[in-house]
Number of protein chains: 2
Amino acid sequence: MTGLAARQSTVFAPQFAEAAPEQHLSRAEAYIRAHDFARPTLVIDTQAVARQYAALAQGLGRARIHYAVKANPAPEILRLLARLGSNFDAASRTEIAMCLAAGATADRISFGNTVKKVSDIAWAHAQGVSLFAADAEEELEKLAEHAPGARVYIRVIVENCEADWPLTRKFGCARDKALELIAMSKALGLDPVGLSFHVGSQTRSAQMWAPVLDQVAAIWRAAGEAGHELSLLNIGGGFPAFYGEAIEAPMNYAADVMGLVHERFGDVAEIMAEPGRGLVAEAGAIAAEVLLVSKKSDNDLHRWVYLDIGKFSGLAETMEEAIRYQFLTDRDGDDLGACILAGPSCDSADVLYEKRPVELPLGLKAGDRIIIRCCGAYTSTYASVGFNGFPPLDVVAI
Amino acid sequence: MTGLAARQSTVFAPQFAEAAPEQHLSRAEAYIRAHDFARPTLVIDTQAVARQYAALAQGLGRARIHYAVKANPAPEILRLLARLGSNFDAASRTEIAMCLAAGATADRISFGNTVKKVSDIAWAHAQGVSLFAADAEEELEKLAEHAPGARVYIRVIVENCEADWPLTRKFGCARDKALELIAMSKALGLDPVGLSFHVGSQTRSAQMWAPVLDQVAAIWRAAGEAGHELSLLNIGGGFPAFYGEAIEAPMNYAADVMGLVHERFGDVAEIMAEPGRGLVAEAGAIAAEVLLVSKKSDNDLHRWVYLDIGKFSGLAETMEEAIRYQFLTDRDGDDLGACILAGPSCDSADVLYEKRPVELPLGLKAGDRIIIRCCGAYTSTYASVGFNGFPPLDVVAI
């Protein structure tokens, strides 16, 4: 409804166009406008999740969607996706249990964390989960002992500097190690079915996948030449959400990625994709409140704006200002000015945007409501249990 | 018991010397060695908290201790400190409620967050809390309306590059603004009693306080010259804990700081100090487990060691590798080698130490117990509610 952010978003994020045109509000945002909240609250529009799932599924064609549960494990989302036929990528025993509770059978759940607790592997195996990720010898030994005969995909490291949130080397192994791990899997009685990788979170253009897919295809071919016939390609996540910079529409994006995959891998028997952010981020918005607007001295260039939500209560992805959230306020038409944005805690690290200040209405003051857009992913479960005594982010599904 | 960390710590951290000399274990660490834990658990030794409180209180002399509740709000700690006569610095309504529940009366609680929700100010005022922090005009207006007549201290910005975790400009105001806010407080019917500042978290040597105290004393004098007689000096926190680098013993440290204060401020009517980390960090240790040890390729320089606790489940202070925790394992006598240390989540940001790797036993492997030392502060409440499905840090007080 107000300012630059709203005007930009209607251009690139299809869901906003569906709200009343004079408002440019998503359904979640309109719900926030119409309600009061006692504390910071994430509102998730399940209809928007369903639409996005349909668009991605159509673009991905024969690739199977395994929703990255860690992005947002709200039961309403899991139940909806289970009903729509989605599969699930779980990071832990708890996430597997949540998927089962939401109605997914074990054969639709992969245990995608390369770092697993032995007791969790055994528990998942007992539930019937049979597809696991690995990137190291010791992980294969754990799997062979506690999930004998399991299907395993080996995660490989890829180089990519184009994603908005490039992944470090924390996950995956180098090419030679990957081939060794495939051979070792066989020797341990496991079934090494394929490879996985991650292009990097928030990869805004499908074309950015090309150099990464080239790297994976080279390892895939090397595995074949070494006598390992692989049948499963897990292309991971990286599907983007709208945070103020142009992204492609989800169906086109997914179809373009699949085109790039087909050029390099041909008719792979099984392809799986793990959208998380790209599936739920735009479906959510956070209702928050301005606690204080101030200047440190009268000749300060920027105002400081303090919100009742911060880095430790849901907005962890503002770390290093990586994810740039968009904001709406009720002061439509006010002139805008640059602000440093900070959270409510007594922690000096709880500053959201300082290097690149945020444009907000000049009339903004304590008590004003503020809506944070496209917050459906990586917010609610990041919130701390009670840092500084602040409650975790509340979640409402509509 | 093992390695470099243990040997160093006995030199500088007095409490370790009290354990059996051949073990060099604190009471919390010994408790962890003797018990099994199903998930990452912080063990807090309340006897160590009591000893540290006594040492700081003796060193601080006539200055009143207001424990910074945010460092660790465990009910056992709050009840102990309430019984010992401590006062409390609360960051939120919830923290005030916890202090009241622990037996502290409202006159022993200050509301030290400069960014407060209006409804929380009104609630605190109704409970009888009468001492508040502020650093901005709008905050004074909120206080005047919802806590009329309250005593207020103005937080000022100080420059300090020597602390291990230097604070940004998030809190406090510049000198001229401070004088304006004192005058404005009076005009609003508030009682501007004094100034507060923060020297920076983990200020390892008392001498580092001198240049900061000089800055505050200049503002204090300017206030007097402007006709504002101040009676309360809040010296904040900054009291250090042992993380592997030499620190002074707490009583000496506190006494040295008070000496520096006296040189600059003379006989101030009221002095308050807000130790948090310096009071509870060394009293706690975390029981954790190694989930995986791996190399990304056979010619990798360092191993990767993955724990069942990470940045999102209690070790948030490893951000930018600011706080360097010390580790103990059961592999006493093993040769050590450098490791990159990471948490269990599927988040690439969940890496604890990479720029400066950690020395750990070469024989370390999945399933090994690992003790993280001096974790009593800023761990339990930073833990996320369930990121990646991992439960928050458990807390046990002994």
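Residue numbers run consecutively from 1 along every chain, following the written order of its sequence. Chain letters and ligand numbers both follow the written order, the letters beginning at A and the numbers at 1. For a predicted model such as this one, the threshold for reporting local features is a pLDDT of at least 70, and the threshold for listing and counting side-chain atom pairs is 80 or more; totals across whole chains, interfaces and linings nevertheless cover every residue. Calculation of side-chain values draws on the structure's entire complement of heavy atoms; hydrogens and water are dropped beforehand.

**Q** Looking at this structure, how should I read the packing of aromatic side chains?
**A** Aromatic rings considered in pairs are described by the distance between their centres and by the relative angle of their planes. The rule is short: rings of Phe, Tyr and Trp, with Trp giving its six-membered ring, pair when the centres are within 6.5 Å, and they are stacked under 30 degrees, edge-to-face over 60, tilted in between. For the coordinates displayed, the defined rule picks out 26 aromatic pairs over all chains. For the pair Phe327 of chain A and Tyr353 of chain A, a centre-to-centre distance of 6.5 Å together with 75° between the ring planes defines the contact as edge-to-face. One end of the pair, Phe327 of chain A, is in strand E12 (residues 327-329); the other, Tyr353 of chain A, is in strand E14 (residues 351-361), with 26 residues separating them in the sequence. The burial state of Phe327 of chain A is the same as that of Tyr353 of chain A; both residues are buried. On the numbers, 6.0 Å between centres and 35° between planes, the contact of Phe111 of chain B with Phe132 of chain B is tilted. With Phe111 of chain B in strand E4 (residues 109-111) and Phe132 of chain B in strand E5 (residues 131-134), this pair connects stretches of sequence that are 21 residues apart. Each member of the pair Phe111 of chain B and Phe132 of chain B is classed as buried. One aromatic cluster is present, formed by Phe197, Trp209, Phe239 and Tyr253 of chain A through successive ring pairs. By definition here, charges over rings are those cases where NZ of Lys or CZ of Arg is within 6 Å of the ring centre and within 35 degrees of the ring normal. One cation-aromatic arrangement involves Lys116 of chain B over Phe111 of chain B; the distance from NZ or CZ to the ring centre is 5.7 Å. When the ring centre of Trp304 of chain B is taken as origin, the NZ or CZ atom of Lys296 of chain B, which lies over that ring, is 5.1 Å away. Each helix is a run of H or I in the DSSP string that is no shorter than four residues. Each strand is a run of E no shorter than two, and both are numbered from the N terminus. Any residue under 20% of the maximum accessible area for its type is buried, any over 50% is exposed, and the rest in between are partly exposed; the area is computed with a 1.4 Å probe on protein chains only.

**Q** Would you mind going over the relation of the copies chain B and chain A with me for this structure?
**A** To go from the first copy of the chain to the second, apply a rotation about an axis and then a shift along the same axis. Superposition of the copies used a least-squares fit over C-alpha atoms from residues whose pLDDT is at least 70 in both. For the pair chain B and chain A, the superposition axis carries a translation of 0.0 Å, the fit reaches an RMSD of 0.0 Å, and the rotation angle comes to 180°. Such a combination of turn and shift is consistent with a two-fold rotation axis. Ranked by how close their C-alpha atoms come to the rotation axis, the residues of chain B are headed by Ser384 of chain B, at 1.9 Å. Comparing contact sets, 100% of the residues at the interface of chain B also lie at the interface in chain A, consistent with an isologous, same-surface contact. Whether two residues are in contact is decided by their heavy atoms: any pair within 4.5 Å suffices.

**Q** Sorry, what's going on with the nonpolar core here?
**A** A general feature of soluble globular proteins is that nonpolar side chains tend to end up buried together. Residues grouped as a nonpolar core are buried Ala, Val, Leu, Ile, Met, Phe, Trp, Tyr and Cys residues, joined through side-chain atoms within 4.5 Å. Among the nonpolar cores identified, the biggest contains 115 residues, and Tyr67, Phe88, Phe197, Trp209, Ile235 and Phe327 of chain B are the most heavily contacted of them. The leading source of residues in this core is helix H9 (residues 209-225) of chain B, at 10 residues. Residues contacting Trp209 of chain B, with those up to four places away along its chain left out, are Phe197, Val199, Thr203, Ile235, Gly237, Phe239, Tyr253, Val257 and Leu260 of chain B. Residues Ala71, Leu81, Ala283 and Phe327 of chain A belong to the second largest nonpolar core, which totals 114 residues.

**Q** How should I be thinking about helix H10 (residues 250-265) of chain A in this particular structure?
**A** Helical geometry: 3.6 residues make up each α-helical turn, so side chains three or four residues apart lie on a common side. Residues and elements named next belong to chain A. In this scheme, a helix's expected span is set at 1.5 Å multiplied by one less than its residue total. The end-to-end C-alpha distance of H10, which contains 16 residues, comes to 22 Å, matching closely the 22 Å that a straight helix rising 1.5 Å per residue would cover. The complete set of buried residues in H10 reads Pro250, Tyr253, Ala254, Val257, Met258, Leu260, Val261 and Phe265. Seen end-on, H10 carries its buried residues on one side only, within an arc spanning 155°. Those residues of H10 that are buried lie in contact with helix H3 (46-60), helix H9 (209-225), strand E8 (232-234) and strand E9 (270-273). Two residues or fewer after H10 comes Gly266, characterised by a positive phi angle close to 60°. When we speak of the arc, we mean the arc of directions from the helix axis to the C-beta atoms.

**Q** Hey, could you run me through the domain arrangement of chain A in this one?
**A** How big an interface is tends to be stated in terms of accessible area lost as the parts join. Residues and elements named next belong to chain A. Reported domain spans reflect what an automatic or database domain assignment gives. In terms of domain boundaries, chain A breaks down into domain 1 (3-44 + 281-397) and domain 2 (46-280). Summarising the inter-unit geometry, the C-alpha centres of domain 1 and domain 2 are found 31 Å apart. The quantity reported as buried area is the accessible area (1.4 Å probe) lost by two parts once they are put together, taken as the sum for both. Counting each side, the surface lost to burial between domain 1 and domain 2 is near 2400 Å², with a carbon and sulfur contribution of 60%. We define a salt bridge as a side-chain nitrogen of Lys or Arg found within 4 Å of a carboxyl oxygen belonging to Asp or Glu. Summed over the shared surface of domain 1 and domain 2, the result is 1 salt bridge. Throughout this description, a polar contact denotes any pair of N or O atoms lying within 3.5 Å of each other; where both atoms belong to protein, one of them has to be capable of donating a hydrogen while the other can accept it, and for residues adjacent in sequence the pair is counted only when both atoms sit in side chains. Here domain 1 and domain 2 share 8 residue pairs in polar contact (both at pLDDT 80 or more) between them. At the level of secondary structure, the elements contributing two or more residues to the side of domain 1 that touches domain 2 comprise helix H1 (3-12) and strand E1 (41-44).

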